[in-house]
Amino acid sequence: MTREIRIPAMVDPHVHLRDLDWAHKATFASETAAALAGGYWVVMDMPNTAPPAINHAAFDHKLTRIGATAVCDWGLYFGASQDDNQTEYPLVAGRACGLKIYNNATTGTLLIADQAARDRHYAAWPAHKIIAVHAEDDTVADILDLVRKHRKPTHFCHISLAHEIDLLTVAKEEGLPVTVGVTPHHLFLTVDDLPTLGAFGLMKPELKTKADQAALWEAIESGVVDVVESDHAPHTLDEKASEKPPYGVPGLETTLPLLLTAVHQNRLTIERVIELLATNAQRIWGLKPDSETYTRVDLDASYIIQRSQLRTACGWSPFEGMQVHGRVREVWIRGQKVFDGETVLVEPGFGQNVAVG
Ligand code: NCD
Ligand code: ZN
Ligand code: ZN
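Reading the values: rules and limits
Residues numbered from 1 in each chain as written. Chains lettered and ligands numbered in written order. Predicted model: local features only at pLDDT ≥ 70, side-chain atom pairs only at ≥ 80, totals over all residues. Heavy atoms only, no water. Helix = DSSP H or I, 4+ residues; strand = E, 2+ residues; numbered from the N terminus. Rg over C-alpha atoms; globule rule 2.2 N^0.38 Å. Buried < 20%, exposed > 50% of the residue type's maximum accessible area, 1.4 Å probe, protein only. Contact = heavy atoms within 4.5 Å. Areas by Shrake-Rupley, 256 points an atom, 1.4 Å probe, with all protein chains shown as cover. Donors = N, O, S within 2.8 Å, 3.2 Å for Na, K, Ca; no water. Phe/Tyr/Trp six-rings, centres within 6.5 Å; stacked < 30°, edge-to-face > 60°. Lys NZ or Arg CZ within 6 Å of the ring centre and 35° of its normal.

Student: Sorry if this is basic, but what is going on with the overall build of the protein chain here?
Tutor: Secondary structure summary: the protein chain contains twelve helices and twelve strands in total. Scaling as 2.2 N^0.38, a compact globule of 357 residues should have a C-alpha radius of gyration of about 21 Å, and the protein chain matches this with 19 Å. For the protein chain, the C-alpha atoms occupy an extent of roughly 55 × 45 × 45 Å along the three principal directions. In the protein chain, which comprises 357 residues, the share counted as buried stands at 61%. The long-range share in the protein chain, meaning contacts at least 24 apart out of those at least 6 apart in sequence, stands at 74%. Counting only carbon and sulfur atoms, one obtains 52% of the accessible surface of the protein chain, whose full area is about 13300 Å².

Here it is, written out as structure tokens:
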């Protein structure tokens, strides 16, 4: 038996496609092809690139490059920088999908640890585009203070602790304009997997306990979690094998099958998967996909995640060896078949910026 479903216009609002000076890790071409293989219509790329997207020249350069090479649709975040780059905001906001503020240390150089500096960025960014934050642990409360003050829509990326879920549950009850993203690695892996995974289990925020993992699943059930975002963050095998392995794991090609496997196990409904991977992000980022943008998925196809079958340039996955259910058969964008289950059918540059306005 094969049951097929059609998922409308999947969106991953949190990826790191690399390229530019980090093209040795991955490129817009390689990772947007991986996005199509993962079923996605849109990927939204974070600004912690090399060079970082923190002034209009670097942003425009990145925009030109992804515009020329992407095979799926896309958005780009602009980055808040330590040296108060707020005067750049009016120059880029109309073409950016949001502002990203890094409030804890992670890959790249964009860390804003000072609350007064964060406040200046919050005050300056135009309210019609979302602010996405990397905030871990106590920093979540610091950012909530800024949301309470400025009332600007804020997306909390890769939430991983039970305690953070508690804070965000209360914030939502309070009526603050906040949304919550969780990653597949925090949903399907824990610290208990670290001995086996080694550097392949290293990312920010780090893997957490089973109790934290259970809190994320409960928050999916209760509706506190709005989106599952891959936080696709490819690093090469050599880099991961090095003495100081960088933080980050790929996820574009494994997120949908992992969630569909949870459906297979009766831990989730298909309707909830569609909200978490498509319709909620469309609403939060204000996207209006046309009705001829969708992904056809075979729910019953079952396979083992293997690196030889991945398209991401990094060529590995923390989920290797896992048996999953659900395979992408076709992706359609704006009425055109762009992926047939094996091959990307469009030329580099087919992808469009979805965040204009
Ligand atoms: C990300 C990266 O490599 O760019 N790494 C990670 O561990 N998640 C950065 C980030 O999302 O914090
Ligand atoms: Zn982050
Ligand atoms: Zn990230």
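Student: I tried to follow the coordination of the zinc ion (ligand 2) on my own but got confused; where do I start?
Tutor: The zinc ion (ligand 2) binds to the protein through His134 (ND1) and His158 (NE2), with metal-donor distances spanning 2.0 to 2.1 Å. Between the zinc ion (ligand 2) and the zinc ion (ligand 3), a separation of 3.7 Å is found. Taken as a pair, His134 in strand β6 (residues 130-134) and His158 in the loop between β7 (154-156) and α6 (162-173) lie far apart in primary sequence, 24 residues in all. His134 gets classed as buried once you look at its relative accessible area, which sits at 2%. A relative accessible area of 2% places His158 in the buried class.

Student: Would you mind going over the packing of aromatic side chains with me for this structure?
Tutor: Aromatic ring pairs are described here by two measures, namely the spacing of the ring centres and the angle between the planes. Scanning all chains against the criterion turns up six aromatic pairs. For the pair Tyr89 and Trp125, a centre-to-centre distance of 5.0 Å together with 80 degrees between the ring planes defines the contact as edge-to-face. Pair noted here: Tyr89 is in helix α3 (residues 89-92) and Trp125 is in the loop between α4 (115-124) and β6, with a separation of 36 residues, a long-range link. For the pair Tyr89 and Trp125, a shared accessibility class is recorded, and that class is buried. Taken together, the aromatic side chains of Phe59, Phe78, Tyr89 and Trp125 make up a single cluster linked through ring pairs. Note that Lys204 overlies the ring of Tyr247, its terminal NZ or CZ placed 4.6 Å from the centroid. Sitting above the plane of the Tyr303 ring, Arg327 keeps its charged end 4.0 Å from the centroid.

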